[in-house]
Amino acid sequence: MLHTRFTELFGVRHPITQGGMQWVGRAELVAAVANAGCLGFLTALTQPSPEALVAEIARTRELTDQPFGVNLTILPSINPPPYDEYRAAIIESGVGVVETAGYNPAEHMPQLHAAGVRVLHKATAVRHARKAQSVGVDAVSIDGFECAGHPGEDDIGGLVLIPAAADALQIPIIASGGFGDGRGLVAALALGADGINMGTRFLATAESPIHPAIKQKIVEQDERATQLIFRSMRNTARVARNSVSEQVVSIEGSGGGFDDVRDLVSGARGRTVYEQGDPELGIWSIGVVQGLIRDIPTVDTLVRRIVDQAEQIIEHRLGSSMLAASA
Ligand code: NAD
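Remember, predicted model here, so these are calculated numbers, not experimental data. (Residues numbered from 1 in each chain as written. Predicted model: local features only at pLDDT ≥ 70, side-chain atom pairs only at ≥ 80, totals over all residues. Heavy atoms only, no water.)

Engineer: With reference to specific residues and values, describe the overall build of the protein chain.
Structural biologist: Counting its secondary structure elements, the protein chain contains 15 helices and ten strands. In summary, the protein chain has a C-alpha radius of gyration of 19 Å against a globular reference of 20 Å for 327 residues, a match within 12%. Its C-alpha atoms put the protein chain at 60 × 45 × 35 Å along the principal axes. Across the 327 residues that make up the protein chain, the buried fraction comes to 54%. Long-range contacts, defined as pairs at least 24 residues apart, comprise 62% of the intrachain contacts of the protein chain with a sequence gap of at least 6. Surface summary for the protein chain: the accessible area is close to 13,700 Å², and the carbon and sulfur share equals 52%. Charge centroids of the protein chain, computed over 27 positive and 37 negative side chains, lie 3 Å from each other. (Helix = DSSP H or I, 4+ residues; strand = E, 2+ residues; numbered from the N terminus. Rg over C-alpha atoms; globule rule 2.2 N^0.38 Å. Buried < 20%, exposed > 50% of the residue type's maximum accessible area, 1.4 Å probe, protein only. Contact = heavy atoms within 4.5 Å. Areas by Shrake-Rupley, 256 points an atom, 1.4 Å probe, with all protein chains shown as cover. Lys, Arg positive; Asp, Glu negative; His and termini not counted. Charge placed at Lys NZ, Arg CZ, Asp CG, Glu CD.)

Engineer: Explain the packing of helix α3 (residues 50-63) against helix α4 (residues 83-92) to me, using residue names and the numbers behind them.
Structural biologist: It is at 9 Å that the axes of α3 and α4 come closest, and there the two elements cross at 25°. As the angle between them shows, α3 and α4 are arranged roughly parallel. By crossing handedness, the relation of α3 to α4 is classed as right-handed. When α3 is examined against α4, the residues Pro-50, Leu-53, Val-54 and Ile-57 are found in contact with a partner set consisting of Glu-85, Tyr-86, Ala-89 and Ile-90. Per-class residue counts for the contact of α3 with α4 are seven nonpolar, no polar and one charged. (Axes fitted to C-alpha atoms, helices over the stretch in contact; angles between N-to-C directions. Parallel < 35°, antiparallel > 145°, perpendicular 65-115°, else oblique. Left-handed = near helix turned anticlockwise from the far one by under 90°. Nonpolar A, V, L, I, M, F, W, Y, C, P; charged D, E, K, R; others polar.)

Engineer: So, the site of the ligand: which residues are in play, and what are the values?
Structural biologist: Among the 22 residues in the neighbourhood of the ligand, the closest are listed as Thr-73, Pro-76, Ser-77, Ile-78 and Gly-267. In this structure, Ile-78 approaches the ligand through a main-chain N or O atom, which is 2.7 Å from an oxygen atom. Surface burial for the ligand is 80%, taken as the share of its 770 Å² of free accessible area covered by protein chains. Class assignment for the residues of the shell around the ligand results in twelve nonpolar, ten polar and no charged. (Near = heavy atom within 4 Å. Polar contact = N/O pair within 3.5 Å; in protein donor to acceptor, adjacent residues only side chain to side chain.)

Engineer: Describe unusual backbone geometry, with residues and values.
Structural biologist: Residue Asp-155 is not a glycine yet carries a positive backbone phi of 60°. Within the secondary structure, Asp-155 is located in the loop between β6 (139-143) and α7 (158-168). Taking the relative accessible area as the measure of exposure, Asp-155 reaches 34% and is therefore partly exposed. A positive phi angle is found at Arg-234, which is not glycine, with a value near 55°. Here Arg-234 lies in the loop between β9 (226-229) and β10 (237-240). Using a relative accessible area of 62% as the deciding quantity, one classes Arg-234 as exposed.

Engineer: Outline the side chain of Gln-290, listing residues and values.
Structural biologist: Locating Gln-290 in the fold gives a position in the loop between α13 (267-276) and α14 (299-317). At 2.8 Å, the side chain of Gln-290 forms a polar contact with the side chain of Gln-221. A polar contact is formed between the side chain of Gln-290 and the backbone oxygen of Ala-225, at a distance of 3.1 Å. Those residues in contact with Gln-290 that lie beyond four places of it in its chain are Thr-200, Ile-218, Gln-221, Asp-222, Ala-225 and Thr-226.

Engineer: Kindly report on the nonpolar core, identifying the contributing residues and their values.
Structural biologist: One finds Ile-16, Val-140, Phe-202 and Tyr-274 to be the most contacted residues of the largest nonpolar core, which totals 73 residues. The element best represented in this core is α14, accounting for seven residues. Ile-229, Phe-230, Val-239 and Val-261 belong to the second largest nonpolar core, which has ten residues in total. (Core = buried A, V, L, I, M, F, W, Y, C linked by side-chain atoms within 4.5 Å.)

Engineer: Account for a nonpolar patch on the surface, naming residues and giving values.
Structural biologist: A contiguous nonpolar patch, built from Ile-156, Leu-159 and Val-160 and spanning about 300 Å² of accessible area, is present on the exposed surface. Take Leu-159: its relative accessible area is 67%, and that puts it in the exposed class. (Patch = residues over 30% accessible without salt bridge, like charges linked within 9 Å, V, L, I, M, F, W, Y side chains within 5 Å. Salt bridge = Lys/Arg side-chain N within 4 Å of Asp/Glu carboxyl O.)

Engineer: Go over helix α11 (residues 243-253), please, and point to the residues and values.
Structural biologist: For α11, the complete set of buried residues consists of Val-244, Ser-245, Val-248 and Glu-252. What you see down the axis of α11 is that its buried residues fit within an arc of 100°, all on one side. Where α11 is buried, its residues touch β9, β10, α12 (258-265) and α13. The N-terminus of α11 is capped by Asn-242, whose side-chain oxygen sits 3.0 Å from the backbone nitrogen of Val-244. Phi for Gly-255, located one or two positions after α11, is positive at around 95°. (Arc of directions from axis to C-beta.)

Encoded structure:
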């Protein structure tokens, strides 16, 4: 068992989270993650309304009696959702943890903390992480350039971003972006983090609610098969490289703005990739860690494997034998 400030604070067995994944963070996956001893997050905005989120939280509770959370992401959106109503639905449902992302969580903190909800804020820069700590979040997930989705605009990989955040913060830190196995978990702990967040790795599991053909595609693709879109709009997103992402980058390169790519990038279109199993149908998020994904295990098998591998590395590779070898 790996005991950290994170497992202590959030009351979970393993220092692993399954953070927000639009269209994927649903009851089946989150409950499987919770039952495996990790902290999973439903994505609030995957649900079409706050009422539907309440129902999804109830459905998750039917599948697990372990703690889980809800992700609330605030990013530029084609149809901006009623964030306050989603936040109220989370509080009314008695969920104990919220993962905020995309924007300064300050305006949500008073209500969340008044309701006893712990806040894990996902940040892509040390200055944003420091700001989140100053507005009272309980822990920070620091998301390196390797990540799927929105990595920010600074392009700093985890090898520097994680220890820089650890130096700057007093609260627990989850390392995010590029993690998928026990080697990554040990590295994150060595860099000063209290655990890891995984999205892409959980996408390719038996319980992940996406089409099997997309899981297989993740297994087949290597670490080079991602592309950065929205660079010109300072809303960079790392997505699976496909004909649609190539077209978006080409339009951006010829001076096009968001209106010129709106129909190509819409989340509603991207969702059909997961539903129909055709990776060319739209934009879908994926991290570079897909280069390390070679199978589609159950969540429980995956978590056991990661924790076992981490323990083996700590005990046998990094333990006293290495010190003795260099003496
Ligand atoms: P969407 O269809 O509104 O937008 C698709 C993409 O275009 C997103 O990456 C969005 O940030 C970007 N975008 C939208 N308007 C933009 C603008 N004016 N300028 C630049 N970029 C713009 O979003 P969606 O994919 O259907 O997602 C639905 C909701 O979920 C949105 O509010 C989105 O912010 C949020 N989301 C959540 C997660 C998560 O993991 N929790 C991930 C991605 C998006």
